[in-house]
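These are the residues of each chain, in order.
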Amino acid sequence: MSAIKTSDWTGNDNYFEDFETGAVYRHARGKTIEAIDNVQITNLVMNTAEGHFNEDIMKKRGGMFDQRIQFGGINIAMVVGLAAQDTAENALAELGMDKIRLKAPVVHGDTLYAYSQVLAVEDGDREDAGVVTFHHWGVNQDDKVVFEGERRVLIKRRSHWGDK
Amino acid sequence: MAADKGEPVADFREQAKLWSKGHTYEDFEVGKVFRHHWGRTINEGDNSLFTTLTLHFNPLYYNEPYAKAHGHPRVVVNPLLVFNTVFGMTVEDLSEGGGPFLGVDAMTHHLPVHVGDTVFAESEVVDKRTSEKFAGYGIVTWHTKGLNQDGEMVIDFRRTNLVRLRDE
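Owing to the predicted nature of the structure, the values given are computational and were not obtained by experimental measurement. (Residues numbered from 1 in each chain as written. Chains lettered and ligands numbered in written order. Predicted model: local features only at pLDDT ≥ 70, side-chain atom pairs only at ≥ 80, totals over all residues. Heavy atoms only, no water.)

1. What to know about unusual backbone geometry
We apply this condition: Here's how the labels work: a residue is buried when its accessible area is under 20% of the maximum for its type, exposed when over 50%, partly exposed in between, all with a 1.4 Å probe on protein chains only.
Even without being glycine, Trp38(B) reaches a positive phi, approximately 80°. Judged by relative accessible area, which is 53%, Trp38(B) ranks as exposed.

Here it is as structure tokens:
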């Protein structure tokens, strides 16, 4: 349609054909989690648990933690996000996730990095795309795994989309 | 001189009853269903903000001509935002009582959500047991569904949390 050439807007090293079972990748950028990331997204999605946005109560309550903890849903989204340019930029659809484990808390000031392994590369229901299954890890500044999980993505084939 | 930081609190605090929120472990019987509050129309600002803050670089979520060239009527809502929003609406009923979120299994995105669509959440208790590792906590698993304005399921997943036992 029209003069838009969509392939100009995405990379050319992350189509379905580029993924091989077993390959492990370290994604190029990390992100230091600021209060504005955690508190803004927690409030944006109406997660009402104040352990994510009330510093005073965390100091006074004497619970498991003595400061605000980043909402785990953001940990998942942030690690997938850090992996996204490489594993989702040419995706047609996110299919699902499984075996997600939040292994350590993330607090303001922590830095997250993402790693991925290709677990499976399969044909899809449509000929212009295939399904790639990844295992993702989220690692903090102390080299501790804070998140891991699997993710299935429908990714364009270069043969159909590389010139569109 | 120190800045005036206001009057000390007066006796209204003595009279105040806590308008409490949330549930505890004892409230979750296997098979119990919760239809969660509010619903949420996800707009372009929500989607762009979430997608850029999480560095999720797929133009389907922030480039309208690109989304339309892929057969979508409007920009697609980032599926991780659909997950977080549906999850967010379940928190008061399920996990606001305190206790860390441990994991999610079998999350499936069934249908795309587009900006301007509205999502709702409901959950069923599927498993519960007391924790041996953490005194005063139980472990509860819920099956949560996210539905759109037409009642179609757009996402579902199983979530497991530590949940506080009622203080006796």
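2. Observations regarding the environment of Arg61(A)
Definition in use: Note on conventions: DSSP H or I runs of at least 4 residues are helices, E runs of at least 2 residues are strands, and numbering of each starts at the N terminus. Should any heavy atoms of two residues lie within 4.5 Å, those residues are counted as being in contact.
Assignment of secondary structure puts Arg61(A) in helix H2 (residues 55-61). Along the sequence, Arg61(A) and Lys156(A) sit 95 residues apart, while their C-alpha atoms lie 50 Å from each other. In this view, Arg61(A) contacts Glu50(A), Gly51(A) and Arg164(B); residues no more than four positions away in its chain are not counted.

3. Regarding the interface of chain B and chain A
The condition is simple: The term buried area denotes the loss of accessible surface (1.4 Å probe radius) that occurs when two parts are joined, taken as the sum for both partners. What makes a salt bridge here is a side-chain nitrogen of Lys or Arg within 4 Å of a carboxyl oxygen of Asp or Glu, nothing more. Residues adjacent in sequence count toward polar contacts only when both atoms are side-chain atoms; beyond that, a polar contact is any pair of N or O atoms within 3.5 Å, and within protein one must be able to donate a hydrogen and the other to accept it. Residue type decides the class: Asp, Glu, Lys and Arg count as charged, Ala, Val, Leu, Ile, Met, Phe, Trp, Tyr, Cys and Pro as nonpolar, and the leftover types, Gly among them, as polar.
The partner chain A presents 47 residues to the 47 residues of chain B that form the contact. A buried area of about 3900 Å², summed over both sides, lies between chain B and chain A, and 65% of it is on carbon and sulfur atoms. Counting across the chain B and chain A interface gives one salt bridge. Among the salt bridges present, the one from Arg101(A) reaches Asp105(B), with a minimum N-O distance of 3.2 Å. Taken together, chain B and chain A are joined by 15 residue pairs in polar contact (both at pLDDT 80 or more). When contributions to the side of chain B that touches chain A are tallied by element, the ones reaching two or more residues are helix H2 (44-53), helix H3 (64-69), helix H4 (79-94), strand E3 (101-109) and strand E6 (153-164) of chain B. Here the side of chain B that touches chain A takes 11 residues from H4(B), the largest share from any one element. Here the side of chain B that touches chain A is composed, by residue class, of 28 nonpolar, 12 polar and seven charged.

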